Amino acid sequence: MTRGCVFQVSWAFQVSTNQEGLIVAALERGDLQDNVTAYAVQISGEPRLVLVPFINTSEPLLFNVSFHGLCYTVGDTRPSDIITVEAPETGVVFDIDPPIRTVFSRVNISYTEGLERRSMLYKDFYKGKTVFKHWLPGVCYRNITFQLISEATALQTALTSHSDVSHRPLHHRTVPFPPLNVSHRVLTLSRRAVAGGREAAARQEDVVFEEEEPTPRVSFNTTQNVTDSVAVGNGSRAEEEAEPQSYWLDPTEISPADRDEEFVNAVVSEYEDSNEPGSAMAVPAEVPVLPTRLPPVLLELRWLPPRPPTSYDGFNVYIYRDGNSTEMATVDENTHEFFTELTEPGTYRVQVTTLSSSGDCEARESSADTGFTFYLSPSGELLEELRERPQGVSVRLLDSSTAAVSWAPSAQNHNGSLVSVLSTTCLKPSLSQRMENTYCSEENSTSDIISNLTPGAQYRVVVYHTNGPLTSPPSEPVIIDIEPTGVRELAVYPLGPTAVVLSWQRPYHVAFRKYILQTFFFNPVTLASEWTTYYEIAATASVIATVRVTDLLPAWYYNFRVSMVTWGDPPLTCCDSSMVSFVTAPEAPHISSVDYSQGVLAVRWTYGELFIDLSHSRMLHWQVEAVGKKGPQRGYSVDVTRNAMRASLPLPPGDIYNLTVTACTERSRNTSVPNIIKLEPAPPRLLLAVNATHSSVTLLWSEDGVVDYYQVLCRPNWASKELKAGEPITSTAQVLTVSGLVPSSSYNCSVTSFSYSSASRPARITVTTAAKEMNPSVAAISALAVLSVLLISLLVLFLLVLRKKHLNCSAETFVNFASFERDGKLPYNWRRSLFAFLTLLPSCLWTDYLLAFYINPWSKTALKKRKLTSPVQLDDFEAYFKDMSKDSAYKFSLQFEELKSVGLDLTHDAADLPVNRPKNRYTNILPCESGPSLNPVPDPDRVLLNSDS
């Protein structure tokens, strides 16, 4: 049930709490205003303010509080009302589990100590828990209850609320302190004490004290009870008579189990003398080895009461042999000694505890270790527990898989030592990644040499001293870390200017956690060189590992190092010697512009980013190379320093070149995309005209670059019907004779170079032909022609005179040319006009005269032109040849000039066609169309030339 306190400031605004713990707020009619359409209630007290609107002003507003035990303030624009809400509490002793959303500031703890009821307020509760340090050890506290207390202050008024006690009261007993100064003595009884029985065992003169040593070690167990102790050493007969009876067997007596064993091991009489065939008695019987009987040993224990204030009722004595409980005795609080006989050899563990059992609480014993251990051999030898741990333990590594352990001498006697080795890194990786197979579990060895260690592993080494089966406390553990061996065969394989692949191998016998790949390079941003971790790779069972490294700077110097990191704490890293250096390949440059002028090619290019700094790059130089297609020298190259990104390369014109720019480093190179450039042919230079005659001229020129052929064209300097431009002449040589020119004329000759169907600018020269000279032969012929004209004129006159004299000739005497033409006897060509003139004369006159000179006017070959040269006799040929060869064969050239007039009246259109020009052997001797065509075809461009050429 929830309780609440309401401070009412205004009678109009009502706030209260109901039975369910809800806050109820209601508005009265006087709270409503005309100009307000909505109302809300502001509630504070929780970590955040809450504003709750009224759904209906005529109905109360209900608010469910989140926390119990807090002070809530509810209000509008008027003064606040304060309410305290708290909830009941349930819990357990020392561990308070308050209800959900309950806030409290203190806890009231009430309990009964003896007959008095006490209570205490606690405020130091952390997550519902606290530690009570004021209770006495071994005391029984009853009827323990808890109450939650919530406190608040409102309007200078302290508000306090207590929860109800709804849990069941509990009882609790504290642990008593252990007994102090527990000591023991182990006494070997004499033979006379054994024969005399239990009475002689109590006499002091018959007891031999062998060892005495106080010990403070203990453990917990349960056994049987003995109500009193055995006293030894004062020699008083009265004390011997007052000694209580022991509940344990006398070690000199034969136990029932021994009697049964003796009966079973006894020899049956009927088999003693049996010598029958097949009897086993024929074989000598083995003599049974009986266990050695332990001499009588007396254990004496003494202790002091626990330190006050401790409430206790007695002491428990526990004796364990080989880990099993053999005896348990309880003595009262006034008894501080205990005696017993030990009858069997083995390792004994003895413990004395304080017992507290009075009251309604459950009985409890002290938990501190107040026991000791010793070993009793079958021969009665006593080996005490070693209390001192080995000191000065050190481990020295002999190599990567062997170590030597050493320690300081001990003050206690011991007969051996154990070296315990455990790998602390074996079980850390998963089973699939585990590389260790030794010392995964703790292994003990009596040798001070540890072998089969794994490089890269971490081991914990502990040394124990041994005294028979007893071991001393362990030494301080020594942690040894073995460095890993590092990687081998670290190699770099380039993938491009900004990426490489690293590959390496690890030894098979090594343990590590991961690889760390580090890079060392000059950072152009920070202007510093340092080792930086690039990648971490988890260790695997694979012997070979590879990793791809990207985002590298092109043409940059890098150092790559791969280290092994172990699983140890702290981890070890090895090795700095596993390092390889590499220079990345440069990027391919990009040709940005190409310009050719005056035989020099100017090239510009870019590299990487626009503003890249090559001052720290490993770029050596640039190589600009142009490879031609037809030139006599195919390749042209030039080297440029890395800071310059331009170059000039002299190239012959007229060829097609494959232009590339290569970035070169000390180990690699990268070439740009080829740029195909075509250079226009250059015009011929040093154009000269030699051997100019009246009808021809020889042109000479020189050329740089690659040219497929030349085209020569001579045009007259002024237009004339008689002077016409000739057709262009094609030549592959750099000398050409142009013929067919008019004497004493001026011509403008041009020579154009052609390469890959591209023409150069023409080279021009003006030439003038020589006047035609009158040689003796021509003069004689001219004189004869004049004389012939005169004679013909006289003959014509003579004939006219004769015509007048022979007017009486008949008509039949005239020649009928019509009949001659019909019969095919009419002369051809120019002779037709001559004989047409003769028709004016009577045939009786002119035919007689012609026949007188043996001229047949009707023959087709009657008036053939006489040859210009005369035949030479064979005997005179040698003298004729020498005469013609004089003056650089001048007469031969004149004789050759005479041939130019041959065939001028004949057509040679087929030879002048552009397709047939390369077929002519001589440019000034052309075939004519006087003969029939061979293999005629419809296309005139494909007519085959006759053999006149």
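Residues numbered from 1 in each chain as written. Predicted model: local features only at pLDDT ≥ 70, side-chain atom pairs only at ≥ 80, totals over all residues. Heavy atoms only, no water.

### Notes on the overall build of the protein chain
Basically, it comes down to this: What counts as a helix is a DSSP run of H or I of at least four residues, what counts as a strand is a run of E of at least two, and both are numbered from the N terminus. Relative accessibility under 20% of the residue-type maximum defines a buried residue, over 50% an exposed one, and the middle range a partly exposed one, all with a 1.4 Å probe and only protein chains included. A contact between two residues is defined here by any heavy atoms of the two lying within 4.5 Å.
When its secondary structure is counted, the protein chain shows 8 helices and 54 strands. Taken across its 949 residues, the protein chain has 37% of its residues classed as buried. Sequence-distant contacts, at least 24 apart, represent 63% of the contacts inside the protein chain between residues at least 6 apart.

### Describing the sheet that holds strand E2 (residues 22-26)
To keep it simple, the criterion reads: Pairing between strands is defined by DSSP: at least two bridges between them are needed. Interaxial angles span 0 to 180 degrees and are taken between N-to-C directions of axes, which are lines fitted to C-alpha atoms, for helices over the stretch in contact.
Strand order across the open sheet formed by 3 strands is E1-E2-E5, with antiparallel pairing between neighbours. In this open sheet, the two edge strands, each paired with only one partner strand, are strand E1 (14-17) and strand E5 (61-64). Averaged over all pairs of adjacent strands, the angle between strand axes in this sheet comes to 20°, irrespective of strand direction. As paired strands, E2 and E5 are joined by 4 bridges and run antiparallel to one another. For Ile23, the partnering residue across the bridge sits in E5 and is Phe63.

### What about the state of the cysteines?
Which entries qualify depends on this criterion: Defined by distance alone, a disulfide is two cysteine sulfur atoms within 2.5 Å.
Applying the stated rule across the entire model yields 4 disulfides. Covalently, Cys574 is tied to Cys575 through a disulfide, its sulfur atoms 1.4 Å apart. Every disulfide takes its handedness from the sign of the S-S torsion; for Cys574 and Cys575 that torsion is 40°, giving right-handed. Note on accessibility: Cys574 and Cys575 belong to one class, buried.

### Details of unusual backbone geometry
The omega torsion of the bond from Asp569 to Pro570 falls at 0°, within 30 degrees of zero and hence cis. Here Pro570 is to be found in the loop between strand E36 (557-565) and strand E37 (573-574). In the segment running from Cys574 into Cys575, the intervening peptide bond is cis, with an omega of 5°. One can find Cys575 in the loop between E37 and strand E38 (579-583). For Leu686, which is not glycine, the phi torsion reads 55° and is therefore positive. Its location among the elements puts Leu686 in strand E47 (residues 685-690). Since its relative accessible area comes to 60%, Leu686 is described here as exposed. Residues other than glycine seldom take positive phi values, yet Ser757 does so here, at roughly 65°.

### Quick look at the packing of aromatic side chains
Which entries qualify depends on this criterion: Note on ring pairs: Phe, Tyr and Trp rings are taken, using the six-membered ring of Trp, and paired if centres are within 6.5 Å. Classes follow the plane angle, with under 30 degrees stacked, over 60 edge-to-face and the rest tilted. Two conditions define a charge sitting above a ring: the NZ of Lys or the CZ of Arg must be within 6 Å of the ring centre, and it must be within 35 degrees of the ring normal.
Applying the stated criterion to the full structure yields 21 aromatic pairs. Considering the side-chain rings of Tyr607 and Trp622, the 5.3 Å spacing of their centres and the 70° angle between planes classify their relative orientation as edge-to-face. In this pair, Tyr607 sits in the loop between strand E40 (600-606) and strand E41 (621-628) while Trp622 sits in strand E41, placing the two residues 15 residues apart along the sequence. Look at Tyr607 and you get buried, because its relative accessible area is 2%. An aromatic cluster of at least three residues, connected via ring pairs, comprises Tyr111, Trp135 and Tyr141. Above the face of the Phe177 ring, Arg307 is positioned so that its terminal group lies 3.7 Å from the ring centre. The ring of Tyr756 has Lys630 sitting right over it, with the charged end atom 4.3 Å from the ring centre.

### Side note on the sheet that holds strand E35 (residues 544-549)
Ordered in space as E31-E32-E35, the 3 strands form an open sheet in which the pairing is antiparallel. With one partner strand each, in any of the chains shown, strand E31 (488-496) and E35 form the two edges of the open sheet. Averaged over all adjacent pairs, the angle separating strand axes in this sheet is 15°, with direction ignored. For E31 and strand E32 (residues 499-505), the ladder comprises 6 bridges, and the chain directions are antiparallel. Residue pairing across strands places Ala491 opposite Ser503, the latter belonging to E32.

### Brief notes about the pattern of salt bridges
Note the cut-off: Salt bridges are defined by distance alone: a side-chain nitrogen of Lys or Arg within 4 Å of a carboxyl oxygen of Asp or Glu.
Summed over the entire model, instances satisfying the criterion amount to 16 salt bridges. Across the pair Glu536 and Lys514 runs a salt bridge whose closest N-O atoms are separated by 3.0 Å. With Glu536 in strand E34 (residues 528-538) and Lys514 in strand E33 (residues 514-523), this pair connects stretches of sequence that are 22 residues apart. Residue classification places Glu536 among the partly exposed positions, given a relative accessible area of 44%. Salt bridges linked by common partners bring Arg185, Glu300, Arg302 and Glu337 together as one network.

### Points about helix H8 (residues 877-898)
In plain terms, the rule: To estimate how far a helix should reach, multiply one less than its number of residues by 1.5 Å. Bend is computed residue by residue as the angle between axes fitted to the seven residues ending at the residue and the seven residues starting at it.
Here H8 spans only 20 Å end to end across 22 residues, well under the 32 Å set by a 1.5 Å rise per residue. Its maximal kink placed at Asp887, H8 deviates by approximately 115°.

### What about the nonpolar core?
Where we set the bar: We call a set of buried residues a nonpolar core when its members are Ala, Val, Leu, Ile, Met, Phe, Trp, Tyr or Cys and they connect through side-chain atoms within 4.5 Å of each other.
Formed by 43 residues in total, the largest nonpolar core has its most connected members in Leu502, Trp504, Tyr515 and Phe560. Sequence-distant contacts of Trp504, that is, excluding residues within four places in its chain, are made with Val487, Arg488, Glu489, Leu490, Tyr515, Ile537, Val543, Ile544, Ala545, Val547 and Val562. Counting 22 residues, the second-largest nonpolar core is a separate cluster that includes Ile591, Leu601, Val603 and Trp622.

### Side note on a nonpolar patch on the surface
The cut-off we apply is this: A residue counts toward a patch only above 30% relative accessible area and without a salt bridge, and it is joined to like-charged neighbours within 9 Å or, for Val, Leu, Ile, Met, Phe, Trp and Tyr, to nonpolar neighbours within 5 Å. The accessible surface values rely on the Shrake-Rupley method and a 1.4 Å probe; as for residues, cover is taken only from the protein chains in view.
Where nonpolar side chains cluster on the molecular surface, the patch consists of Leu784, Val786, Leu787 and Leu790 and spans about 390 Å² of accessible area. As for its position among the elements, Leu784 is in helix H4 (residues 776-805). Accessibility expressed as a relative area gives 54% for Leu784, which makes it exposed.

### Comments concerning the environment of Ser417
Heads up, the condition is: Definition of a polar contact: a pair of N or O atoms within 3.5 Å, with one able to donate and the other able to accept a hydrogen when the atoms are protein atoms, and with sequence-neighbouring residues admitted only if both atoms are side-chain atoms.
Within the fold, Ser417 resides in strand E25 (residues 416-423). Considered as a pair, Ser417 and Ser472 are 55 residues apart in the sequence and their alpha carbons are 9.2 Å apart. Ser417 has contacts with Trp407, Ser445, Thr446, Tyr464, His465 and Thr466, leaving out every residue within four places of it along the chain. A polar contact of 3.1 Å, which involves the side chain of Ser417, links it to the side chain of His465.

### Some points on the pairing of E25
Most of E25 is tucked away, with 7 of its 8 residues classed as buried. With 8 bridges joining them, E25 and strand E28 (residues 458-467) adopt antiparallel strand pairing. Bridging from a neighbouring strand, Gly416 pairs with Thr466 of E28.

### Section: the confidence of the model for the protein chain
The following threshold applies: On a scale of 0 to 100, pLDDT captures the predictor's confidence in every residue.
This prediction gives the protein chain a mean pLDDT of 75; 70% of its residues lie at or above 70. Low pLDDT, under 50, characterises residues 76-93; the stretch is placed with 79 contacts to residues that sit more than four places away or in other chains. Across residues 808-815, confidence stays below pLDDT 50; counting only partners more than four residues off in sequence or on other chains, it has 15 contacts.

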